[in-house]
Amino acid sequence: MIVCHKENCIGCNACVRVCPVHEANVFKIDNTTGLPYIEVDSTKCISCGSCIRICESGARDYDDDTERFLKDLAGGKQISLVVAPAVKIAFDGYWRHVLDWLRTQRVNKIYDVSYGADICTWAHLRYLGAHPGGKVISQPCAATTGYILKHVPHLIPSLSPIHSPMLCTAVFMKKYDHMTDSIAALSPCIAKMEEFRLTDNVIEYNVTFEKLHKHLEKMDILNAIRKGEGRKSKFEFDRFQGMLGSIYSRPGGLKENIRIYAPGVSCINSEGTPHIYRTLDQYAEESKSSLPDVFDVLSCERGCNGGPAVGQRYSVFKMETIMDDVENYAAKVNKKKSIGKVSLLHKEFDKKLHISDFYRNYSALDTGESVIPSHSDVEVAFRAMGKTTKLEKNYNCHACGYESCFAMASAIAKGINVPMNCTRYAHYITQKQGEDTQRLLEDISYIAKQLVNVVNQMSTEIGLVNDSAAQIGTSGDECINEMDEVSKKITELEELSKEISSVMRNIDDSVEGYNAMTSAVNNIARQINILSINASVEAARAGEAGKGFSVVAEEVRTLAARSKDAVAGSGKANAKINESIEGVNTVVQTINDSILMLVGTINDLKVTVDGSIKGGRSINAYMNEMSNVSSNIIDMAERMNSISHRADSIGGEERKRKRVADKYEQLINE
């Protein structure tokens, strides 16, 4: 069975290109790595191995039964071996030594499949003799048989009913040699595993030359064999040695056998993946009269000798030289055992073999749902690949692995491939991205120009703000100095206010003393007035003698009255003075309160101005930084403009190429 090591797959499509069944290859994306790989759909794969031969990255490999076979041998299981004729070009020419080694590993018996090939030739001739006019497709090749069973089941009636040489050998071992061992096949073919499964596991193990070769290399067994190069192997196959059947492994091997034994039977051969499967498709459409009696088909270009699991890659010259030697030897042996055109071997088979024992029944194999995309689905796929014109839909460059753009679009519609696997799609995406990039660059260019204008304007504003910030700092410093002067003046005013208060208190004290003096004068005047009244009374009593005293008393009373009036006037004046002093004290108190408030306000203002100065300095620093940023933005915008101009130039070249392509397409369509 073919497997994919996705970690090695590079998505080169080589496997798709050589595969006769494109649907067996499913394009996928690894969820972990995001990388593409091409998975194998085992239900559709025919295990022809073409992809393994073409894959240079080691992504394609296959599974066989080599390890299980060796393990079971080591465990004591009774196993006999059938060996394909192609063994003669495997194992670096040491094939006999390798088979010798397998005997040491307790392989019971080793049969030559060439003998089964001789049986296969005999059975074909006897079947054709019993069915005149019958037309058959040979089935020694498991890959071509698998192709018919899976993908062209309408050809099943044309498949030869005779088993392959390997199965003919195994049937002979079981039915005629009464073999009870399990049977393993040593072959160059990967597809044999499927053949054995479909024939009731008469052969239980498919051991390929290549995997066994690797095991022998790993265990250093082949190296030991090479060192003993001079030692000739005494190996011989058990029971019967094949004759002309030994050339079955080369292209047209069955055809050569039929020509020797029955020259009148028409037989043509075809081999090689690029041809055989297309030829099989044509076979179904051909009229029966144009078909040969036997169509000898092999999937591999060099026949089984060039099988995908041979392991040895000889040149065609060396390979043919080896097979010529084998054929010459077989012809000599056959000549000795033939009388005229009648083979003694076939006469022997007629006596002891029953042809029905070597018949095989066929059934079509289920490959899952076959999706046939509609025309509209294919058109959707074409559009997904960016293909809209007749020319684009028929580039047919084969880079995707398909024979045409239509086949690729159909694969996309079936869900087994994706548009990104098309090289023209990559060009389409690149062109589209280029156009999108051009538009983006135009937008960027426009934005860059706008950005330059904005930045230039911002730079101007930044300069103004910077100047204002500097002015704030300078004005703030001047304001601080002026407020310091005001604070000093207010302090002096506060001191003056205190002096005024002190003087007013002294005045107040003086007024109080003056009031006390006025009160005393008033009391004295009152006493004088009383004394003058008493003097007047006494003068009256004295009569003439008292007239002079009366005059004096009157003068004293007049003085007392005047003193009283003066004191009364002073009282009014004192009241006014007291009222004025209270007013002055009130004003002085208001001045003191205002001074205290003004001092607090100035202190708050100093804090605010100091913060403004610091803010101005921060603004100045920010503006300097913004100025640097704006310079960088201008540089970036200029670079974007430069890039845009270059992209515009590139876009112009791309548009020019597109015009040329459009003109070419127009000419093609015309």
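Residues numbered from 1 in each chain as written. Predicted model: local features only at pLDDT ≥ 70, side-chain atom pairs only at ≥ 80, totals over all residues. Heavy atoms only, no water.

Draft legend 1. Quick peek at the overall build of the chain. Within the chain, the regular secondary structure consists of 18 helices and 13 strands. Every one of the 670 residues in the chain was classed for burial, and the buried ones make up 43%. The contacts in the chain between residues at least 6 apart in sequence include a share of 77% that link residues at least 24 apart. (Helix = DSSP H or I, 4+ residues; strand = E, 2+ residues; numbered from the N terminus. Buried < 20%, exposed > 50% of the residue type's maximum accessible area, 1.4 Å probe, protein only. Contact = heavy atoms within 4.5 Å.)

Draft legend 2. Fine view of the sheet that holds strand 8 (residues 182–187). Strand order in the open sheet made by the 4 strands is 6-5-8-9, with parallel pairing throughout. Every other strand in the sheet has two partners, leaving strand 6 (110–112) and strand 9 (205–208) as the edge strands with one partner each. Adjacent strand axes in the sheet meet at a mean angle of 25 degrees when their direction is disregarded. Examined bridge by bridge, strand 8 and strand 9 share 4 bridges and lie parallel to one another. Looking at strand 9, one finds that Ala185 is bridged to Asn206. (Pairing = 2+ DSSP bridges. Axes fitted to C-alpha atoms, helices over the stretch in contact; angles between N-to-C directions.)

Draft legend 3. Representation of the pattern of salt bridges. Taken as a whole and assessed by the stated rule, the structure comprises 16 salt bridges. Across the pair Glu204 and Lys77 runs a salt bridge, and its minimum N-O distance is 3.4 Å. Linking Glu204 in the loop between helix 8 (192–198) and strand 9 with Lys77 in the loop between helix 3 (66–74) and strand 5 (79–83), this pair joins segments that are 127 residues apart in sequence. Note on Glu204: relative accessible area 28%, which makes it partly exposed. (Salt bridge = Lys/Arg side-chain N within 4 Å of Asp/Glu carboxyl O.)

Draft legend 4. Focus on the pairing of strand 8. Across the 6 residues that make up strand 8, a large majority, 6, are buried. Burial of the side chains of strand 8 extends over both faces: Ser182, Ala184 and Leu186 are buried on one face and Ile183, Ala185 and Ser187 on the other. Pairing between strand 5 and strand 8: 5 bridges, direction parallel. When the bridges of strand 8 are listed, Ile79 appears paired with Ser182.

Draft legend 5. Just helix 16 (residues 405–414), in detail. Among the 10 residues of helix 16, 7 are classified as buried, and the element is accordingly described as predominantly covered. Of all the residues in helix 16, the buried ones are Cys405, Ala407, Met408, Ala409, Ser410, Ala411 and Ile412.

Draft legend 6. Main features of the pairing of strand 10 (residues 267–271). When strand 10 meets strand 11 (residues 294–298), the two strands line up parallel, connected through 5 bridges. By the bridge assignment for strand 11, Ile268 is matched with Phe295. In this region the chain leaves strand 10, passes through helix 12 (residues 273–285) and returns to the parallel neighbour strand 11; the handedness of that crossover is right-handed. (Right-handed = clockwise from strand over helix to strand, strands pointing away.)

Draft legend 7. Fine view of helix 12. For helix 12, with 13 residues, the first-to-last C-alpha span of 19 Å sits near the 18 Å given by 1.5 Å per residue. The complete set of buried residues in helix 12 reads Thr273, Ile276, Tyr277, Leu280 and Tyr283. Taken around the axis of helix 12, the buried residues stretch over an arc of 105 degrees, which confines them to a single face. Of the exposed residues in helix 12, the ones pointing more than 90 degrees away from its buried face are Pro274, Arg278 and Glu285. Where the residues of helix 12 are buried, they touch helix 1 (14–18), helix 2 (50–54), strand 7 (136–137), helix 6 (142–151), strand 10 and strand 11. (Expected span 1.5 Å × (residues − 1). Arc of directions from axis to C-beta.)

Draft legend 8. Spotlight on the packing of helix 5 (residues 113–130) against helix 14 (residues 344–352). Axis separation between helix 5 and helix 14 bottoms out at 10 Å; the angle between their running directions is 75 degrees. When the axes of helix 5 and helix 14 are compared, the pair comes out roughly perpendicular. Contacts between helix 5 and helix 14 involve Tyr115, Asp118, Ile119, Thr121, Trp122, Leu125 and Arg126 from the former and Leu345, His346, Phe349, Asp350 and Lys352 from the latter. Of the residues contributing to the contact of helix 5 with helix 14, the split by class is 6 nonpolar, 2 polar and 4 charged. (Parallel < 35°, antiparallel > 145°, perpendicular 65-115°, else oblique. Nonpolar A, V, L, I, M, F, W, Y, C, P; charged D, E, K, R; others polar.)

Draft legend 9. Structural context of the sheet that holds strand 7. Taken in spatial order, the 3 strands line up as 7-11-10 in an open sheet, and their pairing is parallel. One side of each edge strand has no neighbouring strand; the edge strands of this open sheet are strand 7 and strand 10. As paired elements, strand 7 and strand 11 share 2 bridges and run parallel to each other. Each residue of the ladder has a partner; that of Ile137, found in strand 11, is Phe295. Along the sheet, helix 11 (residues 253–261) contacts strand 10 and strand 11; its crossing angle with strand 11, the most-contacted strand, is approximately 150 degrees.

Draft legend 10. Layout of the nonpolar core. Ranked by internal contacts, the top residues of the largest apolar core, which has 61 residues, are Ile2, Ile137, Ile148, Tyr277, Leu280, Met385 and Tyr402. Excluding residues within four positions of it along the chain, Tyr402 makes contact with Val16, His22, Ala407, Met408, Ala411, Ile416 and Asn417. (Core = buried A, V, L, I, M, F, W, Y, C linked by side-chain atoms within 4.5 Å.)

Draft legend 11. Fine view of the side chain of Thr145. With respect to the helices and strands, Thr145 occurs in helix 6. In this structure Thr145 touches Gln139, Leu159, Arg360 and Tyr362, once residues within four positions along its chain are discounted.

Draft legend 12. Quick look at the packing of helix 6 against helix 12. Interhelical geometry of helix 6 versus helix 12 gives an angle of 40 degrees and a closest axis separation of 11 Å. Between helix 6 and helix 12, the angle is such that the two are oblique. Where helix 6 crosses over helix 12, the two elements pack in a sense that is right-handed. Here Ala143, Thr144, Tyr147 and Ile148 of helix 6 lie close against helix 12, whose contacting residues are Ile276, Tyr277, Leu280 and Asp281. Taken together, the residues that form the contact of helix 6 with helix 12 break down as 6 nonpolar, 1 polar and 1 charged. (Left-handed = near helix turned anticlockwise from the far one by under 90°.)

Draft legend 13. Structural detail: unusual backbone geometry. Positive phi, close to 55 degrees, is recorded for Asn201, a residue that is not glycine. Mapped onto the elements of the fold, Asn201 is located in the loop between helix 8 and strand 9. Phi at Asp220 takes a positive value of approximately 65 degrees, unusual for a residue other than glycine. Examined against the element boundaries, Asp220 turns out to sit in the loop between helix 9 (209–218) and helix 10 (221–227).

Draft legend 14. How the structure looks around the packing of aromatic side chains. Using the criterion set out here, one finds 14 aromatic pairs in the structure. Between Phe91 and Phe209, the aromatic rings sit 5.8 Å apart at their centres with planes inclined by 65 degrees, giving edge-to-face as the arrangement. Residue Phe91 is found in the loop between strand 5 and helix 4 (95–104), and its partner Phe209 is found in helix 9; the two are separated by 118 residues along the sequence. Phe209 sits in the buried class, given a relative accessible area of 0%. With centroids separated by 6.3 Å and ring planes inclined at 85 degrees, the aromatic side chains of Tyr127 and Tyr359 adopt a geometry described as edge-to-face. You can see Tyr127 sitting in helix 5 and its partner Tyr359 sitting in the loop between helix 14 and helix 15 (375–384), a full 232 residues away along the chain. Assessed through its relative accessible area of 18%, Tyr127 is described here as buried. Among the aromatic side chains, those forming a connected cluster through ring pairs are Tyr115, Trp122, Phe172, Tyr176, Phe240, Phe349 and Phe358. (Phe/Tyr/Trp six-rings, centres within 6.5 Å; stacked < 30°, edge-to-face > 60°.)

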